[in-house]
Amino acid sequence: MTNTLINEQLTVAAIQMNSQQNIEDNLANIKAAIINASTQGAQLVVLPENCCSMGRQFATAERFDALSATIAEYARTYGIYVLAGSLPCPYRPDGVIVPDGRLRQVSQLFAPDGTCVARYDKIHLFTATVADKQGSYNEAATVEPGTQTVVVALEVDSSVYQLGMMVCFDLRFPALAQRLRQAGAELLTAPSAFTYLTGQAHWSLLLRARALDSQCMVIGAAQGGEHAYKDGNTRQTWGHSTITAYDGTIINSYNDSELNKEAVNKEAMNQQQKNYEIVLATLDKPAQIQGRQKMPIFDCHRLA
């Protein structure tokens, strides 16, 4: 009898960056990370939130179409799915300009042929008081929340994988992860720029919790380190990019905020110095299906 089973395994890469406010430098780092991840066998690359610039949201939004086209071209050139963490965008999915001088925070998925196959507008906007230099965060002052959840199909080597899209603060809302699972999601993307303090307290826990809530792989691609703003202020982000399995176990992670910290010695650091880090993991779809069957929580759910 001929064995017709397909090896359903998807290799994903979470990219950790330390994006500054020079967009061209950030694009060069994005391109280098995509090339590197592709040579290591990645079929999906996930960039962090604000991948093209930390700060300068309105100036970056003016280049939304051009920046999207550039990242789309990287996906096409290297024949790989690229999730462009998030970019500030001046218009809604239907093309209507966002009112009140605000923006949308947009995550896009580009296919290996360069087409944009999904756009997700961040639903939950960061609102918190944090004991850091900034103190208070109110993303809604400049960003309009999205209204639609998004699950999109990835076609890789004759297999199809369903990807649910989130951004950063969305991780704090289990109902979103559960709704994405109910819509068919098998993996969730979470491009992020957690503050150092909130990330230190909750980042790993949230990734694992949302994996358990949804029984999906969760890909946390993060900004990490110090970001210098033109007004002289700085912001610290947590980093620690992590990929979590459907059962809440951490498959792989980069265990630092700063880049290039995992080189074993100074000589190795000089040889390996780069402006990004790559966290690789493989989604074993049959194993995930089996795990869901052993604990069918969505057959038992009564409140959603």
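Per-chain numbering applies: the sequence of each chain, read as written, is numbered from 1 onward. Local features in this predicted model are restricted to residues whose pLDDT is 70 or higher, and side-chain atom pairs enter the listing and the counts only when it is 80 or higher, whereas totals over whole chains, interfaces and linings include all residues. Heavy atoms throughout the structure, all of them, feed into the side-chain values; hydrogens and water do not.

### Some words on the sheet that holds strand β11 (residues 217-220)
Heads up, the rule is: Paired strands are those between which DSSP finds at least two bridges. Each helix corresponds to a stretch of at least 4 residues labelled H or I by DSSP, and each strand to a stretch of at least 2 residues labelled E; elements are numbered beginning at the N terminus. All axes here are fitted lines through C-alpha atoms, helices being fitted over the stretch that makes contact, and every angle between N-to-C directions spans 0 to 180 degrees.
Reading across from one edge, β8-β9-β10-β11-β14-β15 is the order of the six strands in this open sheet, with mixed pairing throughout. At either end of the open sheet lies a strand with only one pairing partner, and these are β8 (151-156) and β15 (250-253). Taken pair by pair, the neighbouring strands of this sheet meet at an average axis angle of 20 degrees, ignoring direction. Bridging between β8 and strand β9 (residues 159-165) involves six bridges; their strand directions are antiparallel.

### Considerations on the pattern of salt bridges
Our working definition: The rule for a salt bridge is simple: a side-chain nitrogen of Lys or Arg has to be within 4 Å of a carboxyl oxygen of Asp or Glu. Partly exposed residues are those whose accessible area sits between 20% and 50% of the maximum for their type, while under 20% is buried and over 50% is exposed, using a 1.4 Å probe and protein chains only.
One pass over the structure, following the stated rule, counts 12 salt bridges. Across the salt bridge formed by Glu144 and Arg92, the nearest N and O atoms sit 2.6 Å from each other. Of this pair, Glu144 sits in the loop between β7 (136-138) and β8 while Arg92 sits in the loop between β3 (81-89) and β4 (104-110), and the two are 52 residues apart along the sequence. Its relative accessible area of 24% is what places Arg92 among the partly exposed residues. Between Glu144 and Arg104 there is a salt bridge; the shortest N-O distance is 2.6 Å. Pair noted here: Glu144 is in the loop between β7 and β8 and Arg104 is in strand β4, with a separation of 40 residues, a long-range link. Assessed through its relative accessible area of 9%, Glu144 is described here as buried. On the accessibility criterion, Arg104 (7% relative accessible area) is buried. In this structure, a network of salt bridges that share partners links the residues Arg92, Arg104, Arg119, Asp121 and Glu144.

### Structural notes on the packing of helix α1 (residues 23-39) against helix α3 (residues 64-78)
Rules: Angular relationships are summarised with four words: roughly parallel below 35 degrees, roughly antiparallel beyond 145, roughly perpendicular across 65 to 115, and oblique for the angles in between. Left-handed describes a crossing in which the near helix is turned anticlockwise from the far one by less than a right angle; the clockwise case is right-handed. The criterion used for residue contact is that any of the two residues' heavy atoms lie within 4.5 Å.
Relative to each other, α1 and α3 sit at 20 degrees, their axes nearing to 10 Å. Here α1 lies roughly parallel to α3, going by the angle between them. Judged by the twist between their axes, the crossing of α1 over α3 is right-handed. The residues of α3 that touch α1, namely those facing Ile23, Leu27, Ile30, Lys31, Ile34, Ile35 and Ser38, are Leu67, Thr70, Ile71, Tyr74 and Tyr78.

### Points about the packing of aromatic side chains
Put simply, the rule is: Aromatic pairing here means that ring centres of Phe, Tyr or Trp (its six-membered ring) are within 6.5 Å. Orientation follows from the plane angle: under 30 degrees is stacked, over 60 is edge-to-face, and everything else is tilted.
Scanning the entire structure with this criterion turns up six aromatic pairs. Look at Tyr196 and Trp238: their rings are 4.9 Å apart centre to centre, the planes differ by 80 degrees, and that puts the pair in the edge-to-face class. One end of the pair, Tyr196, is in helix α5 (residues 196-214); the other, Trp238, is in strand β13 (residues 234-238), and 42 residues separate them in sequence. For Tyr196, a relative accessible area of 33% gives the class partly exposed. A relative accessible area of 11% means that Trp238 is categorised as buried. Ring pairs connect the aromatic residues Phe126, Tyr137, Phe169 and Phe173, which therefore count as one cluster.

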